[in-house]
Amino acid sequence: MIILALVGIILAINIGVLASWIYFLVLVTWSISMSPKLEWSAKYKIKSKPKVSIIVPARNEEGVIFNCLQSLLSQDYGNYEVIAVDDSSTDKTLSIISRISEKNHKLIPVKAPPMPDGWIGKNWACFQGYQKSSGEILLFTDADTIHKKDSLSSAVNTMIHDGIDALSLVPKLICYDIITKCTLPVLSVFLHSRYSPLRVNNPKNKIGYFFGSFYVISKENYEKIGTHEKVRQELVEDGALGRRVKEQKMKLKLVRGENYIEASWARDPRSLWHGLRRIIIPLHKQQKKSAIMVTAFIFFILLEPFLILPFSFHYYGDNPLSLLLLIVNIVTIFLLLACTVIQSHFGLLQKSIYGLGFALGCTVITLCFLVSAFDPKRNKVVKWRERSYYVGSKQHPFHL
């Protein structure tokens, strides 16, 4: 009787998990197939060419900054400037920026002053770039991005033609190691469930989001939402700015731009881990009860089906409930696999085989959530771009 009751409880939980993965599969498929894509610039015949200031914050990016700036300086738009902001780099980032600027007058090098208390490094660098800008439109992008030559003209023409207040592109995310390649499809399933372009673009939906690798906004609207100064303490500043655009009732559009821009989300397992913590830790500090519920949800959604599989096989012949549990368990894992393979191939445009590593990705994400929730000695510190930020009880991070 005890075993039967236990099987019944586990079965009820796993039916809920199965229902969740049915929902995720429908949502991911719908989002990938229906999300709008950035149009080719020649489709829209726009006569006006407002000046654009492209702002690139950079900290210790000597390995990628040259290719990024070269792609930005090769844009076919014409009326623009590139402002590369060195954020207290300790490598050759500033010297590379300066060397390129000597050969191309469109590039304006800026050395950011020391970051004051109460700021996150990237937010401070972006704010410095804004203060040096002279364009009517601002494009914020990262130093580890590569842009096709018509990405700027396509984005600006789309903004003007559609009367959009802010536009952000979903980039093609480049991964360099097997752990990140297997983890990103799993993580992207959850991102699609909340930050799908179909939700972000719905004016009736309060969800707003920018991808930090590419978002365009007029200087006037950027100032209306308070600039980066208003989100100076946000670790995920792009998401915070996107929310502010929606809060101000502005027209925000998020589109797929994989054919226009490439960006790296994590460069190695270590940066992957800290990137996940950058998302998770503020949640634990700002909404502790909700964070614990989310952590429990992640555990049951991602890891519990694998942990319970041996139990399902062991007892499947004992009674009808055990057999049903095994069937539910196997179908759940199959749906999880289907979601990650679809996301890997059609969403991330990487080989489908990395979706087969979903068990590894599930483990990495679940462990990061659990460590962040139950390690009181370390879970308040987030490391990002070779800086450490302490997220204290007042919910505001500060630089250590």
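Cut-offs applied
- Residues numbered from 1 in each chain as written.
- Predicted model: local features only at pLDDT ≥ 70, side-chain atom pairs only at ≥ 80, totals over all residues.
- Heavy atoms only, no water.
- Helix = DSSP H or I, 4+ residues; strand = E, 2+ residues; numbered from the N terminus.
- Buried < 20%, exposed > 50% of the residue type's maximum accessible area, 1.4 Å probe, protein only.
- Contact = heavy atoms within 4.5 Å.
- Areas by Shrake-Rupley, 256 points an atom, 1.4 Å probe, with all protein chains shown as cover.
- Axes fitted to C-alpha atoms, helices over the stretch in contact; angles between N-to-C directions.
- Parallel < 35°, antiparallel > 145°, perpendicular 65-115°, else oblique.
- Nonpolar A, V, L, I, M, F, W, Y, C, P; charged D, E, K, R; others polar.
- Phe/Tyr/Trp six-rings, centres within 6.5 Å; stacked < 30°, edge-to-face > 60°.
- Arc of directions from axis to C-beta.
- Salt bridge = Lys/Arg side-chain N within 4 Å of Asp/Glu carboxyl O.
- Pairing = 2+ DSSP bridges.
- Patch = residues over 30% accessible without salt bridge, like charges linked within 9 Å, V, L, I, M, F, W, Y side chains within 5 Å.
- Core = buried A, V, L, I, M, F, W, Y, C linked by side-chain atoms within 4.5 Å.

Peer 1: Outline the overall build of the chain, supporting the account with residue identities and numerical values.
Peer 2: When helices and strands are counted, the chain shows 13 helices and 13 strands. With 400 residues in all, the chain has 55% of them scored as buried. Considering only residue pairs separated by 6 or more positions, the chain has 81% of its internal contacts joining residues 24 or more positions apart. On the chain, roughly 18400 Å² of surface is accessible, and the fraction owed to carbon and sulfur atoms is 60%.

Peer 1: Can you tell me about the environment of lysine 132, naming the residues and giving the values?
Peer 2: Relative to the assigned elements, lysine 132 resides in helix H4 (residues 121–132). Exposure remark for lysine 132: the relative accessible area of 52% places this residue in the exposed category. As for lysine 132 and valine 85, which are separated by 47 residues in sequence, their C-alpha atoms are 9.8 Å apart. Setting aside its immediate chain neighbours within four residues, lysine 132 contacts Glu81, Ile83 and Val110.

Peer 1: Got a sec to walk through the packing of helix H1 (residues 2–34) against helix H6 (residues 178–195)? Specific residues and values, please.
Peer 2: Contact pair H1 / H6: the axes reach a minimum separation of 9 Å and the direction vectors enclose 75 degrees. Classified by the angle their axes make, H1 and H6 are roughly perpendicular. Only Val189, Phe190, His192 and Ser193 of H6 make contact with H1, whose side of the interface consists of Trp21, Tyr23, Phe24, Leu27, Val28, Ser31 and Ile32. The residue inventory of the contact of H1 with H6, partitioned by class, reads eight nonpolar, three polar and no charged.

Peer 1: Could you give me a rundown of the packing of aromatic side chains, with the residues and numbers involved?
Peer 2: Remark: the centre distance and the inter-plane angle together describe each pair of aromatic rings, the angle taken between the planes. Tallied over the full model, the rule gives 15 aromatic pairs. With a centroid separation of 6.3 Å and an interplanar angle of 70 degrees, the aromatic rings of tryptophan 21 and phenylalanine 190 are classed as edge-to-face. Separated by 169 residues along the polypeptide, tryptophan 21 in helix H1 and phenylalanine 190 in helix H6 bring together distant segments of the chain. Accessibility classification places tryptophan 21 together with phenylalanine 190 in one group, the buried group.

Peer 1: Residues and numbers for helix H3 (residues 93–103), please.
Peer 2: Burial in H3 covers these residues: Thr93, Ile96, Ile97, Ile100 and Ser101. The buried side chains of H3 occupy one side of the element, clustering within an arc of 135 degrees when seen end-on. Counted as exposed and oriented over 90 degrees from the buried face of H3: Glu102 and Lys103. Among the structural elements, strand E1 (52–58), helix H2 (65–72), strand E2 (80–86) and strand E3 (107–111) are those in contact with the buried residues of H3.

Peer 1: Requested: an account of the pattern of salt bridges, with residues and values cited.
Peer 2: Using the criterion set out here, one finds nine salt bridges in the structure. We note a salt bridge from lysine 111 to aspartate 86, for which the minimum N-O separation is 3.9 Å. With lysine 111 in strand E3 and aspartate 86 in strand E2, the pair connects residues that are 25 residues apart, well separated along the chain. The class of lysine 111 is exposed, set by a relative accessible area of 55%. Here glutamate 258 and arginine 256 are joined by a salt bridge, their closest N and O atoms 2.6 Å apart.

Peer 1: Outline the sheet that holds strand E9 (residues 252–256), supporting the account with residue identities and numerical values.
Peer 2: The strands making up a sheet are joined through hydrogen bonds of the backbone, oriented either antiparallel or parallel. With respect to topology, seven strands assemble into an open sheet ordered E3-E2-E1-E4-E8-E6-E9, the strand pairing being mixed. Looking along the sheet, the strands with just one partner apiece sit at the ends: E3 and E9. In this sheet, neighbouring strand axes are inclined to one another by 20 degrees on average, regardless of whether the strands run parallel or antiparallel. When strand E6 (residues 166–170) meets strand E8 (residues 215–218), the two strands line up antiparallel, connected through three bridges. Counterpart to leucine 167 in the pairing with E8 is valine 216.

Peer 1: Please provide a residue-by-residue account of the pairing of strand E10 (residues 261–264), values included.
Peer 2: The pairing of strand E5 (residues 145–147) with E10 spans three bridges and is antiparallel. Following the sheet pairing, isoleucine 146 is matched in E10 by glutamate 262. As paired elements, strand E7 (residues 172–174) and E10 share three bridges and run parallel to each other. Bridge pairing links leucine 173 to alanine 263 in E10.

Peer 1: How would you sum up the environment of leucine 356? Please name residues and give values.
Peer 2: The topology assignment puts leucine 356 in the loop between helix H12 (320–347) and helix H13 (358–374). Along the primary structure leucine 356 and proline 185 are separated by 171 residues, whereas in three dimensions their C-alpha atoms are 9.8 Å apart. Dropping the residues within four chain positions of it, leucine 356 is found in contact with Leu337 and Val341.

Peer 1: So what about the sheet that holds E5? Which residues, and what values?
Peer 2: Ordered in space as E5-E10-E7, the three strands form an open sheet in which the pairing is mixed. A strand with exactly one partner marks an edge of an open sheet, and here the two such strands are E5 and E7. Ignoring which end each strand starts from, the neighbouring axes of this sheet average 20 degrees apart.

Peer 1: So what's going on with a nonpolar patch on the surface? Which residues, and what values?
Peer 2: A cluster of nonpolar side chains, Leu4, Leu321, Leu323, Leu324, Ile327 and Val331, forms an exposed patch at the surface whose accessible area comes to about 440 Å². Here the nonpolar patch takes five residues from H12, the largest share from any one element. Under the relative-accessibility criterion, leucine 4 is labelled partly exposed at 35%.

Peer 1: Give a description of the nonpolar core that names residues and reports values.
Peer 2: Burial of nonpolar side chains together is a common tendency in soluble globular proteins. Core analysis: the largest hydrophobic core is formed by 39 residues, its most contacted members being Trp21, Leu276, Leu302 and Ile365. Among the elements that take part in this core, H1 stands out by supplying nine residues, more than any other. Contacts of isoleucine 365, omitting those with residues within four sequence positions, involve Thr183, Val186, Leu187, Leu276, Ile298 and Leu302. The next biggest cluster of nonpolar side chains, apart from the first, holds 33 residues, and it includes Val52, Leu107, Met159 and Val255.

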